[in-house]
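Report on the structure
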Amino acid sequence: MTESLLTVTDLVKRFGGVSALDGCSLKVARGNITGLIGPNGSGKTTLFNLICGLDTPDAGQIVFRGERLDRRPPHAIARLGVGRTFQLIQVFPELTALDNMMAAARDGSWGQSRARALELLAFVNLTQLRGERAGNLSFGQQKLLEFARMLMSDPGLLLLDEPAAGVNRVLLERLLDHIQALREQGKTIVIVEHDMNVVMNLCDWVCVMDQGRLLLEGPPEVVREDPRVIEAYFGR
Amino acid sequence: MAQASSDAVPRLERRDARAFMAAGGAFATLFLLALPTFGTAYTQNVLIQMFTFVALASSWNIISGFTGYMSFGHVAFFGLGAYTYALLVTRAAVAWPLAVLAGGVLATALAAAIGLTCLRLRGHYFAIATLGLGEALRIAVLGWDDVTGGGNGILLTPVKELVSSYYGMALVAALAIGLSWAVARSRFGLSLLAIREGEIAAGMLGINTTACKLWAFMLSAVVPGMAGALHGRFIGFIEPASIFAVLITVQMAVFALFGGRGTVSGPILGTCLLFLFQEQVWARFPYLHLFIFGLVLVLIVLLMPKGLLGLLEDRGWIAKGVVR
């Protein structure tokens, strides 16, 4: 296996009596698209939240490029090069599309940031709408804007929480093309996704979670055939 | 959408807006600078109060308009400035301009202390904590009567001329406008707006939300501290009930929200229009003026939550994000 960019070891997170993560360990290989699948409540989004610093783990550790991420605040983790999109879109509704992008610029001059923002807006075909308030854009356009905004700081690791949810076929094709393009640029991507076609076509590696742990992992063709996956989703 | 209406109505675009605002601002500045040479005492009195509220509303806007964190106790900084000034001048014979600066410094220090404890958390804790802040300070001043004079207040040496108060308060208002302009055109200001629009997403984009909020809160307290000091000097007598009046916080919030939160010109516009309106109503309907004022507030919140500037933008009369 190639070098891992992100290593999660024995991660535990409890909410009251519920263990959302119960000793979860996994590795994400550099330059891969890793799919994270599993039934509802298996801990996928919780894992994302812990990696991003939105929550702190009760036990275990998260290492990214040799640095511990657990117990760092979200902005520090973002600045180490972790980008994320949300299951429910989180654009800044009252700001224009361009200001949404500019708010994500951390270093470089104003002019450089603006040039990059326009370049990325062009990448997702939103150039025409740069002066429009983000809240007035369609659902799909907001999704693309959030996606482009995450790329402003050029993160090395992208965490995408259900990028295909609620997206029509045409837009989905475009989103998938963008994700492929990013892999070709050398980015490492982790996707939480329920659409199995997306997972099987896009991912190099699939991790299946169940009850807060890694159930199994492997190449998509192997995982698809494994009876334990079906069992995790539908019960015995 | 907005596209259709913009074709029908001539829209204020970026270049025109800048020229218009620069010309208007320059004219207003010259007029106001020259006013003491020809204006009546009444006019100057009204303008001093208007400057005070431009300073307060613009400052309040830095924390509450930009970051969306409602400060319901901003009068605390105003009152603290007034008392700092009064005590330094009467007990320590400090020169008045220095005492005004001291008011600003102490108010900022108080904001730092409150912000460090309350701004780590997201959401409504801050609003509740600040609501208590103004009242707590009022009661403290009332109780600590051997220093503050308690409910009897502090009588200051009367200032006979209006000119120093006029230019002093004008300078303080200009400082508040300058601060909010600097914030609005900076990366920091955009970070504050991002926090208002979605704090979790802002953090995920690398914005240190706690530090930004703390800086914004401190910046929003400097000028109110100085304005409180000058106000005390201007009226010559301060006592807890009027200097820590909840109404003062309500006024700064309403003026800023009416004009347009998170913009530079909104609080100025809002103060000018509503303050004059308030004066008219107060003079004509002495018994009903609070009721009428309240009614106007309800209408603003219901009909134009984004303020005047937001309304004009949504109507397509000015291009989005041009007037800041």
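Parameters at a glance
Residues numbered from 1 in each chain as written. Chains lettered and ligands numbered in written order. Predicted model: local features only at pLDDT ≥ 70, side-chain atom pairs only at ≥ 80, totals over all residues. Helix = DSSP H or I, 4+ residues; strand = E, 2+ residues; numbered from the N terminus. Rg over C-alpha atoms; globule rule 2.2 N^0.38 Å. Buried ≥ 20, exposed ≤ 12 C-beta atoms within 10 Å, placed from the backbone. Contact = placed C-beta atoms within 7 Å. Pairing = 2+ DSSP bridges. Axes fitted to C-alpha atoms, helices over the stretch in contact; angles between N-to-C directions. Core = buried A, V, L, I, M, F, W, Y, C linked by C-beta atoms within 7 Å. Nonpolar A, V, L, I, M, F, W, Y, C, P; charged D, E, K, R; others polar. pLDDT = per-residue confidence, 0-100. Parallel < 35°, antiparallel > 145°, perpendicular 65-115°, else oblique.

This part takes up the overall build of chain A. Of the regular secondary structure elements, chain A holds 9 helices and 10 strands. The C-alpha atoms of chain A give a radius of gyration of 18 Å, which matches the 18 Å a tight globule of 236 residues would have. Taken along its principal axes, the extent of the C-alpha atoms in chain A is 55 × 40 × 35 Å. Considering chain A as a whole, with its 236 residues, one finds that 44% of them fall into the buried category. Here the contacts in chain A between residues at least 6 apart in sequence split such that 66% fall between residues at least 24 apart.

Residues and elements named next belong to chain A. Pairing within the open sheet is mixed, and its 6 strands lie in the order β6-β7-β8-β3-β9-β10. The open sheet is flanked by β6 (82-85) and β10 (213-218), the only strands paired with a single partner. Across the sheet, the mean angle from the axis of one strand to that of its neighbour is 20°, orientation sign disregarded. Pairing between strand β7 (residues 157-161) and strand β8 (residues 188-192): 5 bridges, direction parallel. By the bridge assignment, Leu-159 is partnered in β8 with Val-190. Against the sheet, helix α1 (residues 44-52) makes contact with β3 (33-37), β6, β7, β8 and β9 (205-210), and its axis sits at roughly 145° relative to β7, the strand it touches most. In this fold helix α5 (residues 139-150) packs onto β6 and β7, with an angle of close to 175° to the strand it touches most, β6.

With that settled, consider the sheet that holds strand β1 (residues 4-15) of chain A. Residues and elements named next belong to chain A. Strand order in this open sheet of 4 strands is β2-β1-β4-β5, and the pairing throughout is antiparallel. The strands lining the two open edges of the sheet, one partner per strand, are β2 (18-29) and β5 (67-68). Pairing analysis gives 5 bridges linking β1 to strand β4 (residues 59-64), with the strands arranged antiparallel. When the bridges of β4 are listed, Val-8 appears paired with Ile-62. Those strands touched by α1 are β1, β2 and β4, and its axis lies near 70° from that of β2.

Once that is clear, we can look at the nonpolar core. By size, the foremost hydrophobic cluster in this structure holds 164 residues, and its most contacted members are A:Met101, A:Ala148, B:Phe51 and B:Val172. In terms of residue count, helix α11 (residues 209-235) of chain B provides more of this core than any other element does, 15 residues in total. When neighbours within four sequence positions are excluded, A:Ala148 is seen to be in contact with A:Met101, A:Leu120, A:Leu121, A:Phe123, A:Val124 and A:Leu126.

Our focus in this paragraph is the interface of chain A and chain B. Contacts between chain A and chain B engage 22 residues on the former and 18 residues on the latter. Where the side of chain A that touches chain B is concerned, the elements lending two or more residues are α2 (74-79) and α3 (97-102) of chain A. Looking at the side of chain A that touches chain B, the element that brings in the most residues is α2(A), giving 4 residues. When its residues are assigned to classes, the side of chain A that touches chain B shows 10 nonpolar, 6 polar and 6 charged.

Bringing the confidence of the model for chain A into the picture now. A low pLDDT score tells you not to read the predicted coordinates there in detail. Across chain A, the average pLDDT comes to 90, with 98% of residues at 70 or higher. Between the elements of chain A, mean pLDDT differs from a low of 80, seen in helix α9 (residues 227-234) of chain A, to a high of 96, seen in α3(A).

A separate point is the pairing of β6(A). Residue and element names in this part refer to chain A. Burial along β6 is two-sided: Val-82 and Arg-84 facing one way and Gly-83 and Thr-85 facing the other are all buried. As judged from the 4 bridges shared by β6 and β7, these two strands associate in the parallel manner. Each bridged residue has a counterpart across the sheet, and for Gly-83 the counterpart in β7 is Leu-158.

Examined against the element boundaries, B:Gly178 turns out to sit in helix α8 (residues 163-184). Residues B:Gly178 and B:Val264 lie 86 residues apart in sequence; the distance between their C-alpha atoms is 8.8 Å.

The next thing to look at is the packing of helix α14 (residues 265-284) of chain B against helix α16 (residues 307-314) of chain B. Residue and element names in this part refer to chain B. Between α14 and α16, whose axes approach to 8 Å, the crossing angle comes to 110°. The orientation of α14 with respect to α16, classified from their angle, is roughly perpendicular. Each of Ser-265, Gly-266, Leu-269 and Gly-270 in α14 lies in contact with α16, whose residues at this interface are Gly-307, Leu-308 and Leu-309. The class makeup of the residues in the contact of α14 with α16 is 3 nonpolar, 4 polar and no charged.

So, about the pairing of β4(A). Sheet analysis places β4(A) next to β5(A), joined by 2 bridges and oriented antiparallel. Residue pairing in the sheet places A:Val63 in a bridge with A:Arg68 of β5(A).

Residue and element names in this part refer to chain B. The contact between helix α3 (residues 41-65) and helix α13 (residues 246-259) brings their axes to 8 Å, and the two run at 75°. One element, α3, and the other, α13, form an angle in the roughly perpendicular class. For the pair α3 and α13, the contacting residues are Phe-53, Leu-56, Ala-57, Trp-60, Asn-61, Ser-64 and Gly-65 in the first and Gln-251, Met-252, Ala-253, Phe-255 and Ala-256 in the second. A per-class count over the contact of α3 with α13 returns 8 nonpolar, 4 polar and no charged.

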